[in-house]
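Close look at the chain arrangement
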Amino acid sequence: MEIYKFTNWFKEFGWRHLVGLIFVTISLYPILYVITNSFADFANLQNSKLIPDSFTTKHYASLIGDPLIPYFKWLLNTYKIAGIAGFLNVLLGTFAAYAFARLKFKGRRVGLITLVLVQMFPSFLAFVAIYLLFFQIGDVAPLIGLGTHTGLIMVYLGGSIGFNSWLIKGFMDTIPTSLDEAAKVDGATDFQIFYKVVAPLSRPIIVVLFVITFIGIYSDYILAAIFLKDANLYTVALGINIVFMDDFANEWGSIAAASVIAATPIAVLFIFFQKQITGGLTAGSVKG
Amino acid sequence: MSEYTYINEREYMKSNKLRFIVFLLMFSMIAIACGGDATEETSEAPETTEAPQETLAAPATTAPTPEKLVIWAEEKIAIALEPLVGAYESAAGVDIEVVIYDFGAIKNDVLTAGPAGEGPDLFVGPHDMVGEIVANGVVAPLDLGSIASDIFDVGITAFSYGGDVYGFPYATEAIAMYYNADLVDGVPSTWEEVKAACDAAGTELCVGAPGGGGGGDAYHNHPFFASDGGYIFKFDGGFDPNDVGLDNAGAIASAEYLDSLVKNGTVASTDYGASMTAFQEGRSLFWMTGPWARNDAAAVNYGVGLIPTFNGNPATPFVGVRGMFVSAFSENKVLAQSFILDFFSTVDVQAAMYAQDPRLPATKSLFAVVEAQDPIAAQFAASASNGIPMPNIPEMGNVWGPVGDAMLIIRDQNYGTNEDTGVTVNSAADAMKLAAQQVRDAIAGG
Amino acid sequence: MKFSTFVRYLFLAVFNSFIIYLVPVTIAFESWFLLTIIIIISFLINITYLTNRLKPLKWITPGMIFLLSFVVFPAAYSFYVSFTNWSTGHILTKQQAIERLEDMTFTNDNQKGVEFDLYILQDQDLDFYFLADLDPDKLLFGKAIKKEEYSQVFYATHEPSFKDLNGNISIPDEYYLLSAKEQIANSSELQDLALLIDKNTRVQLYNISVFGASSGRLLSAQQKYSYYAEADILYDNVNNLECNLGNRGNFICDGETIDPGWRITVGTENYKRIVEDERFRGPLRIVTFWTFQFAFFAVLATFFIGLLLSVTLNKESLKFQKIYRSIYILPYAIPGFISILVFKGLLNPDFGLVNEWFAPVYELFNIEPINWFRTKASSRTAVLLVNAWLGFPYMFLITTGALQSIPKELLEAAKVDGATSRQSFWRITFPLLLVSISPLLIGAFAFNFNNFTLIFLLTSGGPPIVGADVAVGYTDILISFTYDLAIAGGRGYQFGLAASVTTIIFLIVLLISAISFRYSKRLERVYGNL
């Protein structure tokens, strides 16, 4: 009897937990390694010490007290840039997606695919072009030129339509048009249908895309390096790259500590957000 | 029905036209208002700094816009410079803006920004980009005058190209040999004695030298092929890209000697990370790398000595030199030159820079001060004095890949025939010959 | 008029007046890139919002502005560069190169190394005079003149009276001695002036000293090169040579190309080089093949893991569901490049934690510890494994979100019809998932095709392919190979060549994506765009 219960449980739940735990280990292990290294006296990512010989908090201290390393400014900059750019990115993407999903016009599919394909151009030399372009922008409108957060955010918005729009559009396609029609009967305009009906129902995918965009911007240091030269304006990724990394000598302790501090609020945010992702709609819940 | 719609359409069109006209009116009103400002702005927009005409026999009472210098430097230098430039700014009446540029990116940034008119007046960078920035016309020559006698030869060589000097060298660095002071008293002068010391100490690895273990590194491996007559490009007033010495007798002899050292376990097959770990954990007796690693080496009680000799010749490491350049696109070269010659090169400023970012000074006067305080630095300097600067010609870019790969074969003992290219490398000599051929082909073919 | 229409017109009015303000400023700065973009954007916005028609465009235009400016423009620029010879020695415009060449000075042998104190004087008319203290019987004084005035022959004269008995400078009253600060304030003008000593020598202010006396240098009175526009010839004044135009954007003097040169368009030469150069062929073949393999398996691995996890957790009543989900997106919280470096350390074959941990496993199966990064197979595996770790949270997120969109009634209906969970998964869930996710997979393929950061940081291209004609490694993908080509080869900095390779990569990716989209279109038709 017990075994029967157990096998049943295993078939329904147990295997899930097994797989789940395996991947928990795989996911967490390197993260754990970073955390312990942030407390290690001679932090070195190439050694085999998960638990370091001697503990110290000096790496964290170096981030707080040093006026030459305005780490908390970096944190604020990062969250600000990634948050604003992520939000705007998703906003613009949702607008475009709505057009492709709901408005009938010729060449919808081709247009959307083109937008997606255009983004696939390797950005190798794009950075040079953007650098030159923003020199010129900086002459004319210094508020959005090189060395400003605004300019950087604008470049991140270049990727707003394209993939994001395709995904959101795909999701919107699962929302039955009967809802639209119901609203139209009540006299709603396109825009009202958008923000009263379609967009709220697309919340799961929008949230997911916000998270993904946020993370993408948060990890970027190449584009940020082109724009930001003042240490007070750095993002965390850029700051780590410039201050703590050298040709050979990387200060692993500080890198680890900086990563841990930066990652913690994001991890907390994930826990909050994943409720949004899963507690979502069901496409067929509202019938006619 | 249709008449009704037709009439409606006409009215619709009319109201549309009406809207359009209203809109145009609004728009043109605003445009004119702002357009007025625009024309005023246009005349101001292109800035020409006119030299203020001084009234005779009296200093200027109203300060015209002061001259401005923009300096691009990597972070530690910029941070060291910031408090110091204040003194110069007040003494000279100029505005100095120090902008932080990532050291690794500065070459590309200067090459892009300078011609676009957005470059700096002065910039700090490594010496190996000299050839490239000269060939692109981005840097102006700098006549150091009497200051040149205070600079070590290696610094002048590093900044020389085509007969002219192109910057002020202020720091050098080269690798030497760290040793674990708890287990050995110093670095022996021959490799045989090194092996004996390792056997006596019983460490797992003997010499942890980067440039093996899958991580090709021509920089760290340089002494292994260049100390006994081998060279990459012949230096004769300038580096000659047509004279590649990777496969001459001296280079091959040294490479084969390295091969024997690897075979008998003296030189371990480690990349940078592994060599650092090994030294930190006491698993290797020696660590062959540069002064940037002092903080990491401090995990054990360490000392620094010279790299052992090759066939009686002192080891020849690569020397990297950092210096300050004057941009060819600077609008005020005299001021830029003055900043270097009159201020930056003085011992006080150099000493302040050293305090922020300790690197071996390239100036003899500062070096004497540092040497007294820091015997470890003296060891690195001694090692550098036997070294040669990395060739600063643009063709050097072709060298890192092939040479690093060739040394990797020897260090990792990866001999054999490659299945994809069919090329056979069975000895150190083969590896060096292959590297030489690849470098020559790359320079010729581009 | 409706309120919304009023707002629209107001916005357009403000926007257009802003544009009208910007355009002349942009032209004044000669910022042609910016001007083009401004014109296109204002065109776009006006067309979109002026009329009541073109509704879809109204939704798309905001995002389109940024796409055009920061994706399309750089791509177009890159495409343009591929037709130039932008490389070392050829980055300036012809105008700039000639300016640089004419700026060059030279010193005769007897002028070299001569350094002396230089004093700057000014007279009533605000003209500048130099006083050069060359040696005791050469205290030369004269008017400082511009290049154009040299032929007017204002030679310096020896004025011993300007120094008093103690060796201090004492000048007549009609002149004013400039202090260092004043010299600096006038430095822009002073740097163009020189004092002619004789036909071949001039004195130039070289170093304004705030802490001592300014110093000057001797230079030849002639500049090194002179450019003659009508004949388009550069004249070498030192060696008395005529230098003609080469055909690669250079002047050639006596057989030697002179630096700097300038950028010229070379048509399809870069493309031809890639296709025809024997040395590239072998490496290109290997690299291209591996790039396809890498991108494909990378997508496969991340998608498989992501899907596995989201399906595993897709049970309402599963305990700890939230915790699992949160943990699986944690790898995302650490910036990618740091994770890559962490793995580089973990996988270190000598001391890294992975080999330490697996030591008992190696012993159990009696195999050698994996020699990470030193062999072709281990490097390629390492790259895929690390990429899988980095990428599975993304796939997990997306598939979880997409799973939500599959109508539950379908699955309930299937259950009613007696389908097992496995059948309903493969016959219903999976195809529907593919339909909505396929563009993502295509996008992931394109992303990994160009995943430069991973390769660069983890293996730098990986174990070298010994004996290849150009330096290339076993984990090099097309984009990292391009990067190596750009910085090495010839005289380095071969951006024109790199741009052409980039364009070819784009065309390849474009082709594959276009084909895949067609295929997914068929899928959509079959399974319906629900």
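Residues numbered from 1 in each chain as written. Chains lettered and ligands numbered in written order. Predicted model: local features only at pLDDT ≥ 70, side-chain atom pairs only at ≥ 80, totals over all residues.

1. Brief notes about the overall build of chain C
- If you tally the helices and strands in chain C, you get 18 helices and 13 strands.
- Computed over its C-alpha atoms, the radius of gyration of chain C comes to 35 Å, more than 25% above the 24 Å expected for a compact globule of 530 residues.
- Projected onto its principal axes, the C-alpha positions of chain C cover 115 × 80 × 50 Å.
- Split into buried and exposed, the 530 residues of chain C put 45% on the buried side.
- Here the analysis covers contacts within chain C between residues at least 6 apart in sequence; of these, 59% occur between residues at least 24 apart. (Helix = DSSP H or I, 4+ residues; strand = E, 2+ residues; numbered from the N terminus. Rg over C-alpha atoms; globule rule 2.2 N^0.38 Å. Buried ≥ 20, exposed ≤ 12 C-beta atoms within 10 Å, placed from the backbone. Contact = placed C-beta atoms within 7 Å.)

2. So, the overall build of chain A
- Of the regular secondary structure elements, chain A holds 13 helices and zero strands.
- For chain A, the succession of helices and strands along the chain, N to C, is α-α-α-α-α-α-α-α-α-α-α-α-α.
- Whereas a compact globule of 288 residues would reach a radius of gyration of roughly 19 Å, chain A reaches 24 Å, over 25% beyond that.
- Among the 288 residues that make up chain A, the fraction classed as buried is 51%.
- By sequence separation, contacts in chain A at least 24 residues apart represent 72% of the contacts at least 6 residues apart.

3. Some words on the sheet that holds strand β13 (residues 302–305) of chain B
Residue and element names in this part refer to chain B.
- Across the sheet, which stays open at both edges, the four strands sit in the order β9-β12-β8-β13 with mixed pairing between neighbours. The open sheet terminates on both sides in strands that have one partner only, identified here as β9 (205–208) and β13. Taken pair by pair, the neighbouring strands of this sheet meet at an average axis angle of 20 degrees, ignoring direction.
- Bridge analysis of strand β8 (residues 176–180) against strand β12 (residues 284–289) gives four bridges, and the strand direction is antiparallel. Within β12, the position partnered with M177 by the bridge is M288. (Pairing = 2+ DSSP bridges. Axes fitted to C-alpha atoms, helices over the stretch in contact; angles between N-to-C directions.)

4. Remarks on the domain arrangement of chain C
- Per the domain assignment, the segments of chain C are domain 1 (3–81), domain 2 (105–220) and domain 3 (272–527).
- The gap between the C-alpha centroids of domain 1 of chain C and domain 3 of chain C is 37 Å. (Domains from an automatic or database assignment.)

5. Considering the domain arrangement of chain A
Residues and elements named next belong to chain A.
- Looking at the assigned domains, one finds that chain A contains domain 1 (1–56) and domain 2 (70–278).
- Inter-centroid distance (C-alpha atoms) of domain 1 to domain 2 is 31 Å.
- Across the contact, eight residues belong to domain 1 and six residues belong to domain 2.

6. Thoughts on unusual backbone geometry
All names here are of chain C.
- Note that the residue after D259, namely P260, is joined by a cis bond; omega there is -10 degrees.
- Topologically, P260 is positioned in the loop between β13 (256–258) and α7 (269–276).
- At D254, a residue that is not glycine, the phi angle is positive and equals roughly 55 degrees.
- Positionally, D254 belongs in the loop between β12 (251–253) and β13.
- Since 10 C-beta atoms lie within 10 Å of it, D254 is described here as exposed.

7. Brief notes about helix α12 (residues 236–244) of chain A
- Counting buried positions over the nine residues of α12(A) gives nine, a clear majority of the element.
- Within the sequence span of α12(A), burial applies to A:V236, A:A237, A:L238, A:G239, A:I240, A:N241, A:I242, A:V243 and A:F244.

8. Notes on the interface of chain B and chain A
- In this complex, chain B contributes 21 residues to the contact, which on the side of chain A involves 18 residues.
- Contributing elements (two or more residues each) for the side of chain B that touches chain A: α2 (75–92), β2 (95–100) and α9 (272–280) of chain B.
- Looking at which element gives the most residues to the side of chain B that touches chain A, the answer is α9(B), with six residues.

9. Brief notes about the environment of B:D143
- As for its position among the elements, B:D143 is in the loop between β4 (139–140) and α5 (153–158).
- Expressed as a C-alpha distance, the spacing of B:D143 and B:D164, which sit 21 residues apart in the sequence, is 8.1 Å.
- Dropping the residues within four chain positions of it, B:D143 is found in contact with C:Y206 and C:R217.

10. Thoughts on the interface of chain C and chain A
- Each side of the interface is counted separately: chain C has 90 residues, and chain A has 85 residues.
- The dominant element in the side of chain C that touches chain A, judged by the number of residues it contributes, is helix α3 (residues 55–81) of chain C, at 19 residues.
- Across the side of chain C that touches chain A, the residue classes break down as 60 nonpolar, 23 polar and seven charged. (Nonpolar A, V, L, I, M, F, W, Y, C, P; charged D, E, K, R; others polar.)

11. Considerations on the sheet that holds strand β9 (residues 225–228) of chain C
Residues and elements named next belong to chain C.
- Here we have five strands laid out as an open sheet, ordered β9-β10-β11-β12-β13, and antiparallel in their pairing. The open sheet has two edge strands with one neighbour each: β9 and β13. Put simply, the sheet's adjacent strands are angled 30 degrees from each other on average, direction ignored.
- Looking at chain direction, β9 and strand β10 (residues 233–236) are connected through four bridges and run antiparallel. Across the sheet, Y228 pairs through a bridge with I233, a residue of β10.
- Lying on the sheet, helix α4 (residues 94–103) is in contact with β9 and β10; it crosses β9 at an angle near 140 degrees.

12. Digging into the confidence of the model for chain A
- Here chain A averages 84 in pLDDT, while 94% of its residues score no lower than 70.
- Within the model, pLDDT remains below 50 along residues 280–288 of chain A, and this stretch shows 16 contacts once partners closer than five positions in the same chain are excluded. (pLDDT = per-residue confidence, 0-100.)

13. Regarding the confidence of the model for chain C
Residues and elements named next belong to chain C.
- Per-chain confidence: chain C averages 85 in pLDDT, with 98% of residues scoring 70 or above.
- Ranking the elements of chain C by mean pLDDT puts strand β8 (residues 215–220) last with 80 and helix α16 (residues 452–458) first with 92.
- The ipTM for the predicted assembly is 0.88, set against a pTM of 0.86.

14. Here's the deal with the packing of helix α4 (residues 108–118) of chain A against helix α7 (residues 163–173) of chain A
Residues and elements named next belong to chain A.
- At a minimum axis separation of 8 Å, α4 and α7 run at an interaxial angle of 140 degrees. Taken together, the axes of α4 and α7 lie oblique to each other. From α4, L112, L115 and V116 reach across to α7, where they touch F163, S165, W166 and K169.
- Per-class residue counts for the contact of α4 with α7 are five nonpolar, one polar and one charged. (Parallel < 35°, antiparallel > 145°, perpendicular 65-115°, else oblique.)

15. Structural notes on the environment of C:I39
- Locating C:I39 in the fold gives a position in helix α2 (residues 32–50).
- For the pair C:I39 and C:D103, spaced 64 residues apart in sequence, the C-alpha separation works out to 37 Å.

16. Comments concerning helix α6 (residues 149–156) of chain A
- Turning to α6(A), its buried residues are A:G151, A:L152, A:I153, A:V155 and A:Y156.
- Contacts made by the buried residues of α6(A) are with α3 (71–102), α5 (126–140), α10 (203–219) and α11 (222–227) of chain A together with α3 of chain C.

17. A closer look at the nonpolar core
- Of all hydrophobic cores here, the largest spans 380 residues; its most connected members are B:A73, B:M177, B:A255, B:F286, B:A431 and B:M432.
- The contacts of B:F286, once residues within four sequence positions are left out, are B:M177, B:Y178, B:Y179, B:V187, B:V194, B:C206, B:V207 and B:G208. (Core = buried A, V, L, I, M, F, W, Y, C linked by C-beta atoms within 7 Å.)

18. Section: the pairing of strand β6 (residues 195–198) of chain C
Residues and elements named next belong to chain C.
- Relative to strand β7 (residues 201–207), β6 is paired through three bridges, and the arrangement is antiparallel. Following the sheet pairing, L196 is matched in β7 by R202.
- What sits between β6 and β7 in their antiparallel hairpin is a turn of two residues.

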